[in-house]
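Listed below, chain by chain, are the residues.
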There are 2 protein chains.
Amino acid sequence: MSITIYDIAREAGVSIATVSRVFNNSEHVSEKARQKVLSIANRLGYHPQAIAQNLARKKSKLISVVVPVISNYFFMEVLEGIQDSLADADYDLNIYNIKPFDDIPLQVENTIKRGMAEGYIIVSVHMTEQEWAKLKRLGVPIILIDEYSSEFDSVSVDSVEGAYNATQYLIAQGYKKIAMIRAFENSKPVKDRITGYRRALEDAGRIVDEELILTGVDSDRDGFNENNGYEAMLELMKLPEPPDACFCNSDIQAIGALKAMQDMNFFIPLLGFDDIQLSQFFGLSSMHQPMVEMGSMAIKKLLSRIENRDVEISHTVFSPELIVRKTTSQLIETI
Amino acid sequence: MSITIYDIAREAGVSIATVSRVFNNSEHVSEKARQKVLSIANRLGYHPQAIAQNLARKKSKLISVVVPVISNYFFMEVLEGIQDSLADADYDLNIYNIKPFDDIPLQVENTIKRGMAEGYIIVSVHMTEQEWAKLKRLGVPIILIDEYSSEFDSVSVDSVEGAYNATQYLIAQGYKKIAMIRAFENSKPVKDRITGYRRALEDAGRIVDEELILTGVDSDRDGFNENNGYEAMLELMKLPEPPDACFCNSDIQAIGALKAMQDMNFFIPLLGFDDIQLSQFFGLSSMHQPMVEMGSMAIKKLLSRIENRDVEISHTVFSPELIVRKTTSQLIETI
DNA sequence: CTGAAAGCGCTTACAG
DNA sequence: CTGAAAGCGCTTACAG
């Protein structure tokens, strides 16, 4: 059915090796042979089959991104950075979506064992050090984004620092009851953001009021969704003594919280985390994560590790940067 | 270096065929042989190599999505639908990002010719019927989303109808000068939305004022970006006689336009197109496209065509649905 | 149930 | 510059 290198070789009166060389841009082919092969290939619509090349070369020119949720703003921007850097390199991109309710380490391991890709970028996947160590034994190039393991290169943001600074900023602004809308504690970033929040309050000599730390019931994307923030903010407003400011674990929750404030016509200063592209349109203050840069940095690390597996493990940790917009300054009702 | 089926066969004292059968869940293997193979494979950390399986089976269990821009809200939601439906089927997902400034048909053709995937979903890529016809000759299962060709199955929305109804709605609301913020005319959907807008005005006996049809200068994503809408809205406000309502080719432009109105404290009713998830948080009225459903529908069609290439070509065209929110009702200043 | 062998469509030393 | 041949790591009739 489909036409192969043999067909071209026969037509052109050369060996399959020569045909192969033409398509691999080998220099050791006479111009005459090259032309002949090319013209016949063109006429017959021949193109080397990637699947066969992959096996013969023992490489696939494929990078696989493993992620729990693709429809997530953080991932979207990270993916943008990944694509950008990959466009220059000659690699294709594969996305493997792990199912959050099945055995996560097993899914990750099996994906990698199948060996489709030359390297993997694992985004926002939480595992124990022991599980990471097991993956390490596979001897495959792997980079972590938004998580940490001593076993692998990683790119992340210091969430403790980010949450600390966010909270400290609200304290410095003079707010007395600072709430935190958190996400579900399944990942290191969320745990770290909670830690940073607590620490900032403690360092300011305040008592942490557990009632002010909460999440909505919507568990989609581990709580990183608009609705979750909406629900949580409604809860906060119902308190006998509502907070006078709020830090959110993510911008998307903050956007939900904003909506709740509008619907209830009750406004307090709000500070998010991530600084997704839309936040500027919401006038949402946020702790900025360089998501696109994190994606391209991960690719850079991965490509260099594919090149040479012995490069030393490196961890890049960005410091989130406070971006002040309307939700922590004034005029919040008109946002 | 890596361990193969031969290593397992030798250790287990069986043939490679038996090892292969065990991993392919063939029934024709004695329980004893199965156990032996499995335990040895487990001890040695063996797993079949997808690359070799692909060649031997002549199939990759891979679906490739070809798209010009990944960081686009429309695509994000379509992708969500694609992933959802693919999770059940036993296929992996590959994303191929075509570069908008190189030869698009050539990129698409080469991608497909490489033969990595068993089927392709091409999203928002515009080509001439002649170029599509050329692709058709490759004999590969292909589904189009957000574009149309008689050669392939497609899933899209009736943009003429959508824009017509959007404009008609604004007319019915009593607005006299209805502007349209359009995107760049590189794609069928944009052309259709312009057509629908014009037709609605004409059918209402109005003269189309070319001054009221415009786009911003930001050409990123063919004009489908916040900034473009922002710029366009500023232009509209500068007119001696500004419009009293506006229809936008996309929600993301409408969101930018909204921001411009806020910044200028000048408000007119605004109607978007797409109904991306965030629009409800902006209170943005919009023409709803069932993006997630379009993605899963495309996968459904693709899988059935992979199964049987002779199924008749089908075109699914959804009718956009008007969703009325604050931007076309009241209280627009407080959104 | 099991094995020997051909085949998937290429790449790549090796020898000339 | 070119070709014969081995090899990439599997799958799968075919025969037993």
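Once a new chain begins, its residue numbering starts again from 1 and follows that chain's sequence as written. The order in which chains are written sets their letters, starting at A; the order in which ligands are written sets their numbers, starting at 1. Only residues with pLDDT of 70 or above have their local features reported here, since the model is predicted, and side-chain atom pairs are shown and tallied only from 80 upward, although totals for entire chains, interfaces and linings are computed over all residues.

Observations regarding the overall build of chain A
Keep this limit in mind: Helix and strand definitions follow DSSP, with helices as H or I runs of at least four residues and strands as E runs of at least two, each counted in order from the N terminus. To sort residues by burial, count the other C-beta atoms lying within 10 Å of each one's C-beta; a count of 20 or more means buried, 12 or fewer means exposed, and anything in between means partly exposed. C-beta atoms are built from the backbone.
Secondary structure assignment for chain A yields 13 helices and twelve strands. A total of 335 residues make up chain A; the buried ones form 49% of that total.

Digging into the interface of chain B and chain A
Selection rule: Our contact criterion uses C-beta atoms placed from the backbone: two residues qualify when those atoms are within 7 Å. Nonpolar residues are Ala, Val, Leu, Ile, Met, Phe, Trp, Tyr, Cys and Pro. Charged residues are Asp, Glu, Lys and Arg, and all others, Gly as well, are polar.
Counting from both sides, the interface comprises 34 residues of chain B and, opposite them, 34 residues of chain A. Elements with a minimum of two residues in the side of chain B that touches chain A: helix H4 (50-57), helix H5 (73-88), strand E2 (92-97), helix H6 (104-114) and helix H11 (251-264) of chain B. A per-element tally of the side of chain B that touches chain A places E2(B) first, with six residues. Residues belonging to the side of chain B that touches chain A are distributed by class as follows: 15 nonpolar, eleven polar and eight charged.

Concerning the nonpolar core
A general tendency of soluble globular proteins is for nonpolar side chains to be buried together. Defined as follows: The term nonpolar core refers to a group of buried residues, namely Ala, Val, Leu, Ile, Met, Phe, Trp, Tyr and Cys, whose C-beta atoms join them within 7 Å.
Ile121(A), Cys246(A), Ala257(A), Ile121(B), Cys246(B) and Ala257(B) are the most contacted members of the largest nonpolar core, which totals 167 residues. The contacts of Ile121(B), once residues within four sequence positions are left out, are Ile63(B), Val65(B), Ile82(B), Ile143(B), Ile145(B), Ala298(B) and Leu302(B).

Some details on the domain arrangement of chain A
Residue and element names in this part refer to chain A. Note the threshold: For the purposes of this description, domain bounds are those given by an automatic or database domain assignment.
Annotation of chain A at the domain level lists domain 1 (5-48), domain 2 (62-157 + 291-318) and domain 3 (159-289 + 322-334). When residues in the side of domain 2 that touches domain 3 are grouped by element, the largest group, three residues, is from helix H5 (residues 73-88). A class-by-class count of the residues in the side of domain 2 that touches domain 3 yields seven nonpolar, three polar and three charged.

Observations concerning the protein's contact with DNA strand C
Under the convention used in this document: Here, nearness is defined through the C-beta atom: a residue counts as near a molecule or strand if that backbone-placed atom lies within 6 Å of it.
Taken together, 29 residues sit near DNA strand C, with Ile5(A), Ser20(A), Ala52(A), Ala56(A) and Ser30(B) positioned nearest. If you list the elements that add at least two residues to the surface near DNA strand C, you get helix H2 (16-23) and helix H4 (50-57) of chain A together with helix H2 (16-23) and H4 of chain B. Residue composition of the surface near DNA strand C, grouped by class: 15 nonpolar, ten polar and four charged.

Describing the protein's contact with DNA strand D
Around DNA strand D lies a shell of 29 residues, among which Ser30(A), Ile5(B), Ser20(B), Ala52(B) and Ala56(B) are the nearest. Contributions of two or more residues to the surface near DNA strand D are made by H2 and H4 of chain A together with H2 and H4 of chain B.

Description of the relation of the copies chain B and chain A
The operation relating the pair of chain copies consists of a rotation about an axis and a translation along that axis. Going by this rule: Copies overlap after least-squares fitting; the atoms used are the C-alpha atoms of residues with pLDDT of at least 70 in both.
When chain B is fitted to chain A, the best match, at an RMSD of 0.0 Å, comes from turning it 180° and sliding it 0.0 Å along the axis. Read as a symmetry element, the transformation amounts to a two-fold axis. Residue by residue, 100% of the interface of chain B is reproduced at the interface of chain A, so both copies engage with the same surface.

Notes on the environment of Asn186(B)
All names here are of chain B. With respect to the helices and strands, the residue Asn186 is situated in the loop between strand E6 (178-181) and helix H9 (188-203). Looking at Asn186, the number of C-beta atoms within 10 Å reads 15, which means it is partly exposed. On a C-alpha basis, the gap between Asn186 and Met127 in space is 9.7 Å, while along the polypeptide they are 59 residues apart. When near neighbours in sequence (up to four residues on either side) are disregarded, Asn186 contacts His126 and Asp222.

Here's the deal with the pairing of strand E9 (residues 270-274) of chain B
All names here are of chain B. The condition is simple: In this description, strands pair whenever DSSP reports at least two bridges between them. The definition of a right-handed crossover adopted here requires that, viewed with the strands pointing away, the path from the first strand over the helix to the second runs clockwise.
Most of E9 sits out of view: five of its five residues are buried. Inspection of the sheet shows strand E8 (residues 245-248) paired to E9 by two bridges, in the parallel sense. Opposite Cys246, over in E9, you have Leu270 as the bridge partner. Chirality of the crossover, the property in question, places the unit of E8, H11 and E9 among those that are right-handed.

Side note on the pairing of strand E6 (residues 178-181) of chain A
Residues and elements named next belong to chain A. Because side chains alternate across E6, one face comprises the buried residues Ile178 and Met180, and the other comprises Ala179 and Ile181, equally buried. Across four bridges, the pairing between E6 and strand E8 (residues 245-248) is parallel. Looking across to E8, one finds that Ile181 is bridged to Cys248. Relative to strand E7 (residues 213-214), E6 runs parallel, the two sharing two bridges. Residue Ile181 lies in a different strand from E7, and its bridge partner there is Leu214. In this fold, the crossover linking E6 to E7 by way of helix H9 (residues 188-203) has right-handed handedness.

Section: the packing of helix H1 (residues 5-12) of chain A against helix H3 (residues 31-44) of chain A
Residues and elements named next belong to chain A. Put simply, the rule is: Axis geometry follows a simple rule: fit a line to the C-alpha atoms, using only the stretch in contact for helices, then measure angles between N-to-C directions, giving values from 0 to 180 degrees. Just so you know how the angles are binned, under 35 degrees is roughly parallel, over 145 roughly antiparallel, 65 to 115 roughly perpendicular, and the rest oblique. For a crossing to be left-handed, the near helix must be turned anticlockwise from the far one by less than a right angle; the clockwise case is right-handed.
Between H1 and H3, the shortest axis-to-axis distance is 9 Å and the interhelical angle comes to 125°. Looking at the two axes, H1 sits oblique to H3. The chirality of how H1 crosses H3 is right-handed. For the pair H1 and H3, contact is made by Asp7, Ile8, Glu11 and Ala12 and by Lys36, Val37, Ile40, Ala41 and Leu44, respectively. Classifying every residue of the contact of H1 with H3 by side-chain character gives six nonpolar, no polar and three charged.

Examining the confidence of the model for chain A
All names here are of chain A. Put simply, the rule is: The score called pLDDT rates the predictor's confidence residue by residue, from a low of 0 to a high of 100.
Residue-level pLDDT values for chain A average 92, and 98% of them are 70 or greater. The secondary structure element of chain A with the lowest average pLDDT is helix H12 (residues 279-282), at 82, and the one with the highest is E6, at 98. Considering only residues more than four positions removed or in separate chains, one finds that residues 331-335, a stretch of pLDDT under 50, has 14 contacts.

Describing the sheet that holds strand E12 (residues 321-323) of chain B
Residue and element names in this part refer to chain B. Read across the open sheet, the six strands follow the order E7-E6-E8-E9-E10-E12; overall the sheet is mixed. Looking at the sheet topology across the chains shown, the edges are occupied by strand E7 (213-214) and E12. Sitting on the sheet, H11 is in contact with E6, E8, E9 and strand E10 (285-288), with an inclination near 155° to E9.

Description of the environment of Met287(A)
Position of Met287(A) among the secondary structure elements: in strand E10 (residues 285-288). Contact partners of Met287(A), with chain neighbours within four places excluded, come to Gly162(A), Ala166(A), Phe273(A), Asp275(A), Pro320(A) and Leu322(A).

Regarding the sheet that holds E10(A)
Strand order in the open sheet made by the six strands is E7-E6-E8-E9-E10-E12 (chain A), with mixed pairing throughout. Sheet topology places E7 and strand E12 (321-323) of chain A at the edges, where each strand pairs with a single neighbour.

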